[in-house]
Amino acid sequence: MTASDPRPADPSAVTPPAGTPPEVTQPEEADRLGELLRSPGYFKALVFCALIGVPVSLIAFWFLVALHELEHLMWDGLPEALGWDVPPWWWPLPLLLVAGTTVGLVVTRLPGGGGHVPASGLHTGGVSPGALPGVVLAALLSLPLGATLGPEAPLIALGGGLALLFRDLARAPATPQSTALLGAAGAAAAVAVIFGSPLVAAVILIEVAGVGGPQLFAVMLPALLSSGVGALVFTGFGRWTGFDAPSLSVKVGVPVPQLDAGDVIWAVLMAVAIGALVHTIMRGGRLTARFVAKRPVVHTTLCALAAGVCAAVYALTTGRSPANVASSGQGTLGQLAADPHGWGVGALIAVLLCTSVAYSLCLGSLRGGPVFPSLFLGAAAGVLLAPLPGLGVVPAMAAGMAAATASALRLPVSSIVLVVLVLGSVAMTPVVVLAAVVAFVTTQLLPRGSARPAAGGPAEPAPARPPAAGASGASGGSV
């Protein structure tokens, strides 16, 4: 072994002899983990992350309250004060005109460009404390005024930036490892507020950070697929034979539909179609981002106004509120789930088409997140296709939401966990798993297109995808 070559000269020092038991060949992994957990630096980091979770979650809570109150004022309070029970069809046009112009100014005038461009997908890092004013202002100018986006991306940026701000205020050492760790911890604390579950936040941040690289996806997808098929086989044999294999579960007193072969077959076919649709929407969002990068203020205004036209067209053709399109979709998703049969075929087709176009335009121009609109689009597609023979409304909605979210985020595990928690029941988990995996694979196999911004535009990362081999995301290095 030379001074410049740290590798040992004897290969047996690294590779154990053949026939050595596994418990002898791989003890060093557990040893390294134990040493890490016992190290004072890592323990201090855990304590600090727990402490910053309190102010970050409180600030994130009031940020969401501000968004909700502003949205209520713009879409309920002002129309009622002017004598309308629901906003008139033209209501989104002036609001989104203001949103586009002001967001364009924030992007060009404030540090950080107002946060991540939603078309680039969810990702952590890159938000400094100095960029927080622009992130907050761009979100407040986008979401309440009618952007077809959700609040999760600004929350991730807000949480990560606040964690780094508190670190700087505490004068803690700033290293690449601590920056990644604290940024992810702060983002998770903020995201847990909107999803109402720390589990969703943790899973999303693990997948977004790319822990494990492409090997994680290569192992995870077959495991997810086989687990979904296995759950279906267990369910089927339990019904066919009359016997019941014991499993860890808690039965709730709410009737849920029984899955059958029709639900499974249609869920797989739906996943392919919805995956292709959402892939096209996301690709359109990246093209919009390239267009906006050429002249940020003017082109952001034009794209926002075009999204407003989509909402106005929907209101004119259906007689429903334009807020069904000009919003994150969270409220409309609740209405759809509560009364899926109250939506006619024409209204469902109109909301799918108009929301898809508005979503694509907002992804590349305004500021927000891609999760909520994708959930709504998947649910609407499921309700539209539910009359197919052998397909139920609940399985169709579950499969549609899983497929759309997995395609938009390219995070299959996060999508599965999110949809199961949104449904409030594990009964649909098999079709959720199958739809998410099939849609994710479909999206990965379709042509991605160029994600490179136009010359002179701000550099944006590619959409969330398995990182290059060897990447370790936020997990690498010591604390």
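Residues numbered from 1 in each chain as written. Predicted model: local features only at pLDDT ≥ 70, side-chain atom pairs only at ≥ 80, totals over all residues. Heavy atoms only, no water.

Colleague: Which residues make up the overall build of the protein chain, and what values do they have?
Modeller: When you go through the protein chain residue by residue, the secondary structure sums to 17 helices and zero strands. Relative to its 479 residues, the protein chain shows a buried fraction of 47%. The long-range fraction of contacts in the protein chain, counting pairs at least 24 apart against all pairs at least 6 apart in sequence, stands at 78%. Carbon and sulfur atoms provide 69% of the accessible area of the protein chain, an area that totals close to 22100 Å². (Helix = DSSP H or I, 4+ residues; strand = E, 2+ residues; numbered from the N terminus. Buried < 20%, exposed > 50% of the residue type's maximum accessible area, 1.4 Å probe, protein only. Contact = heavy atoms within 4.5 Å. Areas by Shrake-Rupley, 256 points an atom, 1.4 Å probe, with all protein chains shown as cover.)

Colleague: How would you explain helix α6 (residues 152–169) if you had to name every residue and give the values?
Modeller: Compared with an ideal rise of 1.5 Å per residue, which puts 18 residues at 26 Å, α6 spans 25 Å between its outermost C-alpha atoms and is within 8% of the ideal. Burial analysis of α6 places 15 of its 18 residues in the buried class, the great majority of the element. Two residues or fewer past α6, Arg-171 is found with a positive phi of approximately 60 degrees. (Expected span 1.5 Å × (residues − 1).)

Colleague: How would you sum up the pattern of salt bridges? Please name residues and give values.
Modeller: A complete count under the given rule lists one salt bridge for this structure. Across the pair Asp-168 and Arg-167 runs a salt bridge, and its minimum N-O distance is 3.3 Å. (Salt bridge = Lys/Arg side-chain N within 4 Å of Asp/Glu carboxyl O.)

Colleague: I'd like a description of the confidence of the model for the protein chain, backed by residues and values.
Modeller: In the predicted model, the protein chain carries a mean pLDDT of 79, and the fraction of residues at 70 or more is 75%. Across residues 244–255, confidence stays below pLDDT 50; counting only partners more than four residues off in sequence or on other chains, it has one contact. (pLDDT = per-residue confidence, 0-100.)

Colleague: Residue-level account of the packing of helix α3 (residues 40–81) against helix α5 (residues 132–142), with values.
Modeller: The contact between α3 and α5 brings their axes to 10 Å, and the two run at 25 degrees. Classified by the interaxial angle, the pair formed by α3 and α5 is roughly parallel. Relative to α5, α3 is oriented so that their crossing is right-handed. Counting all contacts with α3, which are made through Phe-63, Ala-66, Leu-67 and Leu-70, the residues of α5 involved are Val-136, Ala-139 and Leu-140. (Axes fitted to C-alpha atoms, helices over the stretch in contact; angles between N-to-C directions. Parallel < 35°, antiparallel > 145°, perpendicular 65-115°, else oblique. Left-handed = near helix turned anticlockwise from the far one by under 90°.)

Colleague: Before we move on, could you go through the environment of Ser-356 and cite the residues and values that matter?
Modeller: Turning to its location among the elements, Ser-356 is positioned in helix α13 (residues 345–365). A residue is classified by how much of its surface remains accessible, and Ser-356, at 10% relative accessible area, is buried. Ser-356 sits 78 residues away from Val-278 along the chain, and the two C-alpha atoms are 8.2 Å apart.

Colleague: Summarise the environment of Leu-78; cite the residues concerned and give the values.
Modeller: Structurally, Leu-78 is set in helix α3. Looking at Leu-78, the relative accessible area reads 34%, which means it is partly exposed. Not counting residues up to four positions away in its chain, the partners in contact with Leu-78 are Leu-73 and Trp-91.

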